[in-house]
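# A structural walkthrough
The residues making up each chain are set out below.
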Amino acid sequence: MYNISVIGTGYVGLVTGACLADFGHKVICMDSNSQKIKELKDGNIPIYEPGLFEVVERNVLYQRLSFTDDISYAVKNSDVIFIAVGTPQGDDDRADMSQYICCINDIANNLDGSKIVVNKSTVPVGTGRKAQDFFDEKANGDESKKVRVVSNPEFLREGSAVYDFTHQDRVVLGGDSHEAIGVLKEIYRVLYLNETPFITTNFETAELIKYSTNSFLAMKISFINEIANLCDKVGANVQVVAKALGQDGRISPKFLHAGAGYGGSCFPKDTRALVAIGEDYNSSLNIIKTVIYTNERQKALMAEKILHEYEDIKDKKICILGLTFKPNTDDIRESPSITIIKRLIDEGAKISATDPEGIENFKSFFKGTNYENDIEFFKDEYEAIDGSYGIVIATQWNQYRMLDFNRISKVVNRKILFDLRNIYRRDDIENQGYEYIGVGQ
Ligand code: NAD
Ligand code: UGA
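Parameters and conventions
- Residues numbered from 1 in each chain as written.
- Chains lettered and ligands numbered in written order.
- Predicted model: local features only at pLDDT ≥ 70, side-chain atom pairs only at ≥ 80, totals over all residues.
- Heavy atoms only, no water.
- Axes fitted to C-alpha atoms, helices over the stretch in contact; angles between N-to-C directions.
- Helix = DSSP H or I, 4+ residues; strand = E, 2+ residues; numbered from the N terminus.
- Parallel < 35°, antiparallel > 145°, perpendicular 65-115°, else oblique.
- Left-handed = near helix turned anticlockwise from the far one by under 90°.
- Contact = heavy atoms within 4.5 Å.
- Salt bridge = Lys/Arg side-chain N within 4 Å of Asp/Glu carboxyl O.
- Buried < 20%, exposed > 50% of the residue type's maximum accessible area, 1.4 Å probe, protein only.
- Near = heavy atom within 4 Å.
- Polar contact = N/O pair within 3.5 Å; in protein donor to acceptor, adjacent residues only side chain to side chain.
- Areas by Shrake-Rupley, 256 points an atom, 1.4 Å probe, with all protein chains shown as cover.
- Nonpolar A, V, L, I, M, F, W, Y, C, P; charged D, E, K, R; others polar.
- Expected span 1.5 Å × (residues − 1).

Right, let's talk about the packing of helix H5 (residues 98-109) against helix H6 (residues 127-139) for a bit. Where H5 contacts H6, the two axes come as close as 11 Å, and the packing angle between them is 30°. When the axes of H5 and H6 are compared, the pair comes out roughly parallel. The handedness of the crossing between H5 and H6 is right-handed. Contact residues: H5 offers Tyr 100, Ile 104, Asn 105, Ile 107, Ala 108 and Asn 109, while H6 offers Thr 127, Ala 131, Phe 134, Phe 135 and Lys 138.

Encoded structure:
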């Protein structure tokens, strides 16, 4: 059992803290946002992440998991400190490191003994080594203040974060200290049961593995989206193309679902950050630049696909099903729905929108903008659909897979379905008397 603290209790920090507590460690989750910590202490989970509540609840009950907004308390009561603060996109596309820098200063100023600091946040190549130098300088040869840094990038996905953390494809550990890496292996010992491979390497390689993984996955999505757009033109079916591609063991079927473009807090920012890292080292990443361009274009093309079907969309109500960037999350960051809704409103449409978890975040995003008054939100999808001139499936939440078209037919002004996630079969929808617009079908 190790005494661990996790600094930054967001999507990654809370999942990491709760799951490490579930592995049997004693974990303190710290966040500078006192409101968030208060909510957690009150037994509420500030984000929507399936399965997380149960893990948090049982580990709080067994006193393996606690919460604080006091960095000094967190540092002093742990031997291993995971950093999971945000590294959002900065103005110049590079990762904004202000939260991270604040965090390592806070740790340095509160050291009461030798510690291991683990970079779980996604950080630019070179960060681990710089952090090690920073702590070495602070310690100034004093072994009792020695900090050993380990890079341990995270690969979990929102919506399946607890499963992903406990069923990792691999654990990447980068750094100079074999001893510290050994401690991390012990911390993750439970994963040996699943025969999880451990990759131990230097800081730079570990950091680049994270950016390369996200960029490669983003590349697969942009690739299949371009093929889908070609399918639309030539009368081919992208789902069959993707299936055949995926059956080639060298390609793998995953991340080949054509759709409205990737969103979220990671692919968009990490692809841009990787390009910026390449620029810093005069090593151009042309493929990734094109992936970014293709994805922005894909989101815009979805709006054009819709507009193309209306002679005049002014004052027509268009219903958007799904606001989050993917199902099973409340996260709306860089969601294709944002691009689509803005463009439709710019052309004069009125929007009725619904989402099982994303409405509050979406409302805050548009608060105070010119778009705010043209979007009406509904908790129930059938209420949102009522009176609409078109239904757009923007996020593939399960409840949109089984829509009752008999019921819908009685309340819509036009029977047209834009299935931007390809969750229905064209024939099935057309047989119900609807026009069907998919992506590459
Ligand atoms: P998040 O914004 O949800 O959470 C970050 C938390 O850090 C916030 O609660 C914030 O209040 C807190 N914080 C900021 N500065 C702090 C400080 N100085 N001290 C204490 N707390 C502080 O971010 P996230 O989505 O959890 O991402 C965290 C990191 O993990 C990022 O680098 C991200 O790229 C990476 N990552 C995210 C995911 C994901 O699915 N969200 C997956 C893998 C990796
Ligand atoms: C992604 C990675 O999958 C994680 O491994 C990584 O840890 C994380 O980023 C991160 O670094 O933060 P996440 O953004 O939560 O996870 O979600 P994904 O399931 O990867 O989906 C990202 C976007 O790609 C979504 O908008 C999704 O709709 C889209 N997507 C995904 C497709 O359009 N097609 C696909 O085949 C797969």
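Structure's up, so let's keep going.
Looking now at the pattern of salt bridges. Taken as a whole and judged by the stated rule, the model has 30 salt bridges. With a shortest N-O distance of 3.9 Å, Asp 315 and Lys 314 are connected by a salt bridge. With respect to class, Asp 315 is no different from Lys 314; both count as exposed. If you follow the salt bridges from partner to partner, you end up with Arg 272, Glu 296, Lys 299 and Glu 334 in one network.

Around ligand 1, a shell composed of 26 residues is seen, among which Val 12, Asp 31, Lys 36, Thr 87 and Lys 269 lie nearest. Take Asp 31: an N or O atom from its side chain is 2.6 Å from an oxygen atom of ligand 1. Surface burial for ligand 1 is 89%, taken as the share of its 840 Å² of free accessible area covered by protein chains. Those elements that provide at least two residues to the shell around ligand 1 are helix H1 (11-22) and H5. Taken together, the residues of the shell around ligand 1 sort by class into nine nonpolar, ten polar and seven charged.

End to end, H1 covers 17 Å across twelve residues, agreeing with the expected 16 Å (1.5 Å per residue, within 8%). Among the twelve residues of H1, ten are classified as buried, and the element is accordingly described as predominantly covered. Buried residues of H1: Tyr 11, Gly 13, Leu 14, Val 15, Thr 16, Gly 17, Ala 18, Cys 19, Leu 20 and Ala 21, and no others. Following H1 by one or two positions, Gly 24 adopts a phi angle in the positive range, close to 110°.

Right, let's get into the site of ligand 2. Lining the immediate surroundings of ligand 2 are 19 residues, of which Phe 155, Leu 156, Lys 210, Asn 214 and Cys 266 lie closest. Between ligand 2 and the protein, one listed contact pairs an oxygen atom with a backbone N or O atom of Glu 158 at 2.8 Å. Between ligand 2 and Phe 325, the relevant distance is 2.8 Å, taken from an oxygen atom to a main-chain nitrogen or oxygen of the residue. Protein contact buries 90% of the 700 Å² of open area that ligand 2 shows by itself. Those elements that provide at least two residues to the shell around ligand 2 are helix H9 (203-234) and helix H11 (267-280). Sort the elements by how many residues they give to the shell around ligand 2 and H9 lands first, with three residues. Here the shell around ligand 2 is built from residues that sort into nine nonpolar, three polar and seven charged.

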